[in-house]
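# Remarks on the overall topology
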Amino acid sequence: MMRKTIVTGIAVAAVAVAGAAGCTDDSSDQAPIATTTTSASMSERMEGAMSSVQATASSAVNTAREATQNAINSAIAAVPIGFESGSAELNAVSDVTIKAVAAALKASDNKVEITAYAVNSDEAAAEALAEQRANAVADALAAQGVDKGRISVDGTANPSDGVNVDQADITVEGS
């Protein structure tokens, strides 16, 4: 929603600038200055203006995506989204973080990927549990009003060292 407002505002500003560039001041007593404008130069100016608008819009979208990711990271750092060991059931304190993450996501239209992990000597069992965990987070976010179409899940079995397998990660992908 915020991205659409920013992009619309930028587009309106670009149209106003392009329109003003073609205006003259008829109140002057001086003879008009002869100018020649080829369609190529007007086209080039419009192309330049559109390029500038696209760059500004892209920057605004990236800033909004980063703000959403920062809000999610802060919530997860304060209270990680976690699971009971060997289970796909969210632990009791994860509800607070789910609500904070949902609020950040509802303020944007970004898509997110939920990554959950599991460890088991049986690779297929670890993969299944990791997928169930990621889906549990997706379901909890959907229950808080986040469109499930914006959520993708990834279950990772037996991840590398340094990963807390009883916690989920959320990455903002863009819109």
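Here the residue index of a chain counts from 1 through its sequence in written order. Totals for whole chains, interfaces and linings use every residue, but because this is a predicted model, local features are given only for residues with pLDDT of at least 70 and side-chain atom pairs only at 80 or more, for both listing and counting. Note: side-chain values were computed over all heavy atoms of the structure, leaving out hydrogens and water.

By the naming in an unreviewed UniProt entry, the protein chain goes by OmpA family protein and is assigned to Rhodococcus tibetensis.

Time to look at the pattern of salt bridges. The salt bridge definition used is simple: a Lys or Arg side-chain nitrogen within 4 Å of an Asp or Glu carboxyl oxygen. Applying the stated criterion to the full structure yields 3 salt bridges. Salt-bridge contacts for Asp95 lead to Lys99; the nearest nitrogen and oxygen are separated by 3.4 Å. In this pair, Asp95 and Lys99 both sit in helix H3 (residues 94-106), 4 residues apart, roughly one turn of the helix. For every residue, the accessible area obtained with a 1.4 Å probe (protein chains only) is divided by the maximum for its type, and the residue is called buried under 20%, exposed over 50%, and partly exposed between those limits. Residue class for Lys99 comes out partly exposed when judged on its relative accessible area of 44%. Ionic pairing is found between Asp166 and Arg133, a salt bridge with its closest N-O pair at 3.0 Å. Placement of Asp166 in the loop between strand S2 (151-157) and strand S3 (169-174) and of Arg133 in helix H4 (residues 123-143) is noted, with a sequence separation of 33 residues between them. A run of H or I in DSSP counts as a helix once it spans at least four residues, and a run of E counts as a strand once it spans at least two, with each numbered from the N terminus.

When pLDDT is averaged along the protein chain, the result is 77, and 65% of the positions lie at 70 or above. Within the protein chain, no element has a lower average pLDDT than helix H1 (residues 2-21), which sits at 36, and none a higher one than H4, at 97. pLDDT measures the predictor's confidence residue by residue and takes values from 0 up to 100. Residue contacts are defined here by distance: any two heavy atoms, one from each residue, within 4.5 Å place the two residues in contact. Confidence over residues 1-27 falls short of pLDDT 50; this stretch has 16 contacts with residues more than four positions distant or in other chains.

A few words now on the side chain of Thr115. Along the chain, the position of Thr115 falls in strand S1 (residues 111-118). Ignoring anything within four residues of it in the chain, the contact list for Thr115 reads Asp154, Thr156, Gln167, Ala168 and Asp169.

The exposure class of Arg133 is buried, given its relative accessible area of 1%. Here a polar contact means two N or O atoms within 3.5 Å. Within protein one must be a hydrogen donor candidate and the other an acceptor candidate, and residues neighboring in sequence count only if both atoms are side-chain atoms. A distance of 2.8 Å separates a polar atom in the side chain of Arg133 from the backbone oxygen of Tyr117. Once residues within four sequence positions are removed from consideration, Arg133 is found in contact with Phe83, Glu84, Ser85, Gly86, Ser87, Ala88, Ala116, Tyr117, Ala118, Val165 and Asp166.

Once that is clear, we can look at the pairing of S1. With respect to burial, S1 is a largely interior element, 6 of its 8 residues being buried. As paired strands, S1 and S2 are joined by 7 bridges and run parallel to one another. Looking at the pairing, Tyr117 lines up with Thr156 of S2. Call a crossover right-handed when, viewed with both strands pointing away from you, the route from the first strand across the helix to the second goes clockwise. Once you follow S1 into H4 and on to S2, the crossover reads as right-handed. Strand pairing is assigned whenever DSSP detects at least two bridges linking the two strands.

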